[in-house]
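# Summary of structural features
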Amino acid sequence: MDAKERKQYDQLIRTPIVKIIPVLAIPTVISMMIGMIYNLVDAYFVGMLGTSAAAAIGILMSIQAVFQAVGFMCGHGSGSRISVLLGKGKKELADVYASTGFLASIVASSIITILAMMMISPLMVFLGSTKTILPYARIYGFYILLSGPALSASCVLNNIMRYEGKASLAMVGLVSGGVLNMIGDPIFMFGLKMGIHGAGLSTALSQYISFGILLYMFISKKTMTSISLKKAKGFGEELTRIMQNGTPSLIRQMLNSLSTMSLNIIAKPYGDAAIAGMTIVGRIVMFFASTMVGIGQAYQPVAAFNYGAKKYKRIREGFLVTWVLGETVLGIFAIIAFINPEPLILLFRNDSRVLAIGKNALRFHCIALIASPLSVVSNMMFQSIGESAIASFLAALRSGIYYIPILFILSRLLGILGIQSAQMVADILTTLTCIPFLVKFFRELPKKNMHVKMDDDYKHSS
């Protein structure tokens, strides 16, 4: 066992759970929040151009979600497998999975970019653009599509590093891109007077710079695994396993995209203010929810590595610590936003119609935030240990199986109130559905840790 492997063993096997989860969560939460902050910054500066421009950001959220879906499928699919393999001491095979996942994300996202560029105007209309939103959506969409391959590949590199337990390295790349976008938006949009073109260009440049920094981490051998196109496999067992393990992430992200499209289409009859209001609320809630995603991601390498090393007690303890920590953090955010939603909405758009729609929607979403931590950590645990069928089903609930039908039904019964409250209902139902799966899993999971070859290797290398 070399120095890197000993360090990883010390971190993921020997460090107390109550310490390792917060330690890994801090950089992942920072990464997630910085990513959400620069989305909020886009919404803030683009909102200065008008309500229709602000609504265009919401139209393109579904496109970004598609590229993230590809990246998370390849990243979670390869990353969870890599962590389990490292837990078994099989580093060379882990390299194959890292290389295959990376190449697959670039190929798939490049195909999406080319096809979408060929029909950008009808695509924007299909996603919910009105005649007044379309000019902004078409321009901003061009840059989002251009940066798609970088976004997908960055998701893969970020997730592999997280599953190795190197969340701090992943944070450097993501935070750098986010900070550059925050600086670039006002410079390009107003300093260079590029308007919506400037917002899109700033986003695209920051995505590629972030990708370059993350890739450098692998090239400079700061990671456990290495990436080489020579090691990448085509249509074989490795790619199949990546797709199976990554299916929950693909479903989750694709349904996020579909749910955003559905929301925009259903809100369309209520005008640009409704789309803008729900878009702003969506960005605010995504910012809050990113903390739970970051905390859950901190648990993923712990769950995967310990599952491979057969340290089952740490999986149980890690689940409980992650859930309680997430519930505490999101509960604080939800209470603050529920009591005083107006300033958060006004921060992005000073429009009475947008405010009227947004403040009620934000309060409903705050209730959903409190309900969501259990479902988030459940989904991430099942995916990390290779229970892809359960994870895929749970991933489909929140934004698909429950949300989309509820959105259509409540919007017909309650109008705009139904649109505002649909996510809350879907989140509560999703959490309740997770409970029987958790009970069955923990009942069947061995209660004692097992001794494996890696434990002997660690002892002999001391």
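Please refer to the structure higher up on the page.
Below is a summary of the structure that appears in this document. (Residues numbered from 1 in each chain as written. Predicted model: local features only at pLDDT ≥ 70, side-chain atom pairs only at ≥ 80, totals over all residues. Heavy atoms only, no water.)

## Here we look at helix α15 (residues 373–384)
Compared with the 16 Å implied by 1.5 Å per residue over 12 residues, the 16 Å span of α15 between its first and last C-alpha is a close match. Downstream of α15 by a residue or two, G386 has a phi angle that is positive, lying close to 95°. (Helix = DSSP H or I, 4+ residues; strand = E, 2+ residues; numbered from the N terminus. Expected span 1.5 Å × (residues − 1).)

## Some words on the packing of helix α4 (residues 91–117) against helix α10 (residues 237–267)
Axis separation between α4 and α10 bottoms out at 10 Å; the angle between their running directions is 70°. With respect to α10, the element α4 is oriented roughly perpendicular. Across the interface between the two elements, L93, V96, Y97, T100, G101 and A104 from α4 touch E237, E238, L239, R241 and I242 from α10. Of the residues contributing to the contact of α4 with α10, the split by class is six nonpolar, two polar and three charged. (Axes fitted to C-alpha atoms, helices over the stretch in contact; angles between N-to-C directions. Parallel < 35°, antiparallel > 145°, perpendicular 65-115°, else oblique. Contact = heavy atoms within 4.5 Å. Nonpolar A, V, L, I, M, F, W, Y, C, P; charged D, E, K, R; others polar.)

## With respect to the side chain of S372
Relative to the assigned elements, S372 resides in the loop between α14 (352–371) and α15. With a relative accessible area of 9%, S372 lands in the buried category. If sequence neighbours within four positions are ignored, S372 has contacts with L330, D427 and T431. (Buried < 20%, exposed > 50% of the residue type's maximum accessible area, 1.4 Å probe, protein only.)

## Some remarks on the pattern of salt bridges
Inspection of the entire model under this criterion finds seven salt bridges. Salt-bridge contacts for R14 lead to D10; the nearest nitrogen and oxygen are separated by 3.3 Å. Taken as a pair, R14 and D10 lie in helix α1 (residues 3–14) at a separation of four residues, close to a single helical turn. Among the residues examined, R14 registers a relative accessible area of 53% and is labelled exposed. On the basis of relative accessible area, D10 is assigned to the partly exposed category, the value being 27%. With a shortest N-O distance of 3.9 Å, K359 and E342 are connected by a salt bridge. (Salt bridge = Lys/Arg side-chain N within 4 Å of Asp/Glu carboxyl O.)

## Concerning the side chain of T291
Relative to the elements of secondary structure, T291 occurs in helix α11 (residues 272–308). T291 sits in the buried class, given a relative accessible area of 2%. Only 2.6 Å separates the side chain of T291 from the backbone oxygen of F288, close enough to count as a polar contact. (Polar contact = N/O pair within 3.5 Å; in protein donor to acceptor, adjacent residues only side chain to side chain.)

## Let's talk about the state of the cysteines
On inspection of all chains with the given rule, the structure shows zero disulfides. Counting only cysteine sulfurs, C155 is the nearest neighbor of C74, a cysteine outside any disulfide, at a range of 9.8 Å. (Disulfide = S-S within 2.5 Å.)

## Here's the deal with the packing of aromatic side chains
Per the counting criterion, the structure on display carries 11 aromatic pairs. Ring geometry for F288 versus F333: centroids 4.9 Å apart, planes at 15°, classification stacked. On the criterion of sequence distance, the pair formed by F288 in helix α11 and F333 in helix α12 (residues 312–339) is long-range, its members being 45 residues apart. F333 gets classed as partly exposed once you look at its relative accessible area, which sits at 21%. For the pair F393 and F437, a centre-to-centre distance of 5.8 Å together with 45° between the ring planes defines the contact as tilted. Taken as a pair, F393 in helix α16 (residues 388–401) and F437 in helix α18 (residues 416–444) lie far apart in primary sequence, 44 residues in all. Overall, the relative accessible area of 28% leaves F437 in the partly exposed class. Following the ring pairs from residue to residue traces out a cluster consisting of Y299, F319, F382, F441 and F442. (Phe/Tyr/Trp six-rings, centres within 6.5 Å; stacked < 30°, edge-to-face > 60°.)

Scope: geometric values only; no functional claims are made or implied.
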